[in-house]
Amino acid sequence: PLRAILPLYNTEIHYVARADSPLSYLHDIKDAKINGGIFGSGAALITHTLYRMMFNKPIPEANASFISNEEALVKLIGDKTIDVVVVAAGQPAPLVTNMRPEAQKYIKLLKFDPNHPSSKLPLTVYSYSTVRASSYPNLLQEDFTTISVGAYLVTYDYNLDFTVSHLTRFAR
């Protein structure tokens, strides 16, 4: 038994591709090799759920990887065995923020088009939000739209005296 206590923030989904990639939007990633993060992580769950919602099928096994974002970015730029690295984090995402200005030569962030037909089903669960250039001054010159999911503070066993007293103390 879970209870949502309050919304905390939006987790923006950052889709990172090579700067020279023909990919520009999320709806372009249909046949791409995608790393969604460590297997079982929230980022991996979001990546695979969004893909299934957008394209009405799972990411083909041969196109999916489950390694850390740091390792995946090296493969994205180095041996090019990955086309897209998905970073699920609230803005500013430290991994992206800490990139140097030279990174613009190597990577870009993909945009989300809320009006594209493949966006209709995801927008019944997720929402779109703005990635602000001010969050990533080393990489971006202008704001753009991405997709996001809300992060909530939740509790379980909310009727137990122990939980009630802790929630009350937290609220105060």
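Residues numbered from 1 in each chain as written. Predicted model: local features only at pLDDT ≥ 70, side-chain atom pairs only at ≥ 80, totals over all residues. Heavy atoms only, no water.

1. Describing the confidence of the model for the chain
Right, so step 1: Across the chain, the average pLDDT comes to 92, with 100% of residues at 70 or higher.
Right, so step 2: Here helix H4 (residues 161–171) stands out as the least confident element of the chain, with mean pLDDT 84; strand E2 (residues 34–35) is the most confident, with 98. (pLDDT = per-residue confidence, 0-100. Helix = DSSP H or I, 4+ residues; strand = E, 2+ residues; numbered from the N terminus.)

2. Let's talk about unusual backbone geometry
Right, so step 1: Along the chain, Gln91 connects to Pro92 via a cis peptide bond; the corresponding omega equals -10°.
Right, so step 2: Counting through the fold element by element, Pro92 comes out in the loop between strand E4 (84–89) and helix H3 (94–97).
Right, so step 3: For Asn56, which is not a glycine, the phi torsion comes out positive at approximately 60°.
Right, so step 4: Among the structural elements, Asn56 can be located in the loop between helix H1 (42–55) and strand E3 (64–65).
Right, so step 5: When its relative accessible area of 71% is taken as the criterion, Asn56 is described as exposed. (Buried < 20%, exposed > 50% of the residue type's maximum accessible area, 1.4 Å probe, protein only.)

3. Focus: the environment of Leu95
Right, so step 1: Take Leu95: it is sitting in helix H3.
Right, so step 2: The partly exposed category is assigned to Leu95, whose relative accessible area is 24%.
Right, so step 3: Placed 25 residues apart in sequence, Leu95 and Glu70 show a C-alpha to C-alpha distance of 8.0 Å.
Right, so step 4: Not counting residues up to four positions away in its chain, the partners in contact with Leu95 are Asn69, Glu70, Leu73 and Val87. (Contact = heavy atoms within 4.5 Å.)

4. What about the pattern of salt bridges?
Right, so step 1: This model, assessed by the stated rule, comprises three salt bridges.
Right, so step 2: Here Arg18 and Asp20 are joined by a salt bridge, their closest N and O atoms 3.9 Å apart.
Right, so step 3: Here Asp79 ties to Lys75 by a salt bridge, and the two come within 3.7 Å at their closest N and O atoms.
Right, so step 4: Residue classification places Asp79 among the partly exposed positions, given a relative accessible area of 44%.
Right, so step 5: Since its relative accessible area comes to 33%, Lys75 is described here as partly exposed.
Right, so step 6: If you follow the salt bridges from partner to partner, you end up with Arg18, Asp20 and Asp83 in one network. (Salt bridge = Lys/Arg side-chain N within 4 Å of Asp/Glu carboxyl O.)

5. Structural notes on the packing of aromatic side chains
For any pair of aromatic rings, geometry is given as the distance between the ring centres together with the angle between the planes.
Right, so step 1: Scanning all chains against the criterion turns up two aromatic pairs.
Right, so step 2: With a centroid separation of 5.1 Å and 80° between ring planes, the pair formed by Phe39 and Phe66 is classed as edge-to-face. Placement of Phe39 in the loop between E2 and H1 and of Phe66 in the loop between E3 and helix H2 (69–77) is noted, with a sequence separation of 27 residues between them. (Phe/Tyr/Trp six-rings, centres within 6.5 Å; stacked < 30°, edge-to-face > 60°.)

6. Observations regarding the pairing of strand E1 (residues 2–18)
Right, so step 1: In terms of strand pairing, E1 meets strand E7 (residues 144–156) through 10 bridges, oriented antiparallel. If you follow Asn10 over to E7, its bridge partner there is Gly150.
Right, so step 2: Across six bridges, the pairing between E1 and E4 is antiparallel. Counted as the bridge partner of Tyr15 is Val86 from E4.
Right, so step 3: Bridging between E1 and strand E5 (residues 107–109) involves three bridges; their strand directions are antiparallel. For Ala17, the partnering residue across the bridge sits in E5 and is Lys108. (Pairing = 2+ DSSP bridges.)

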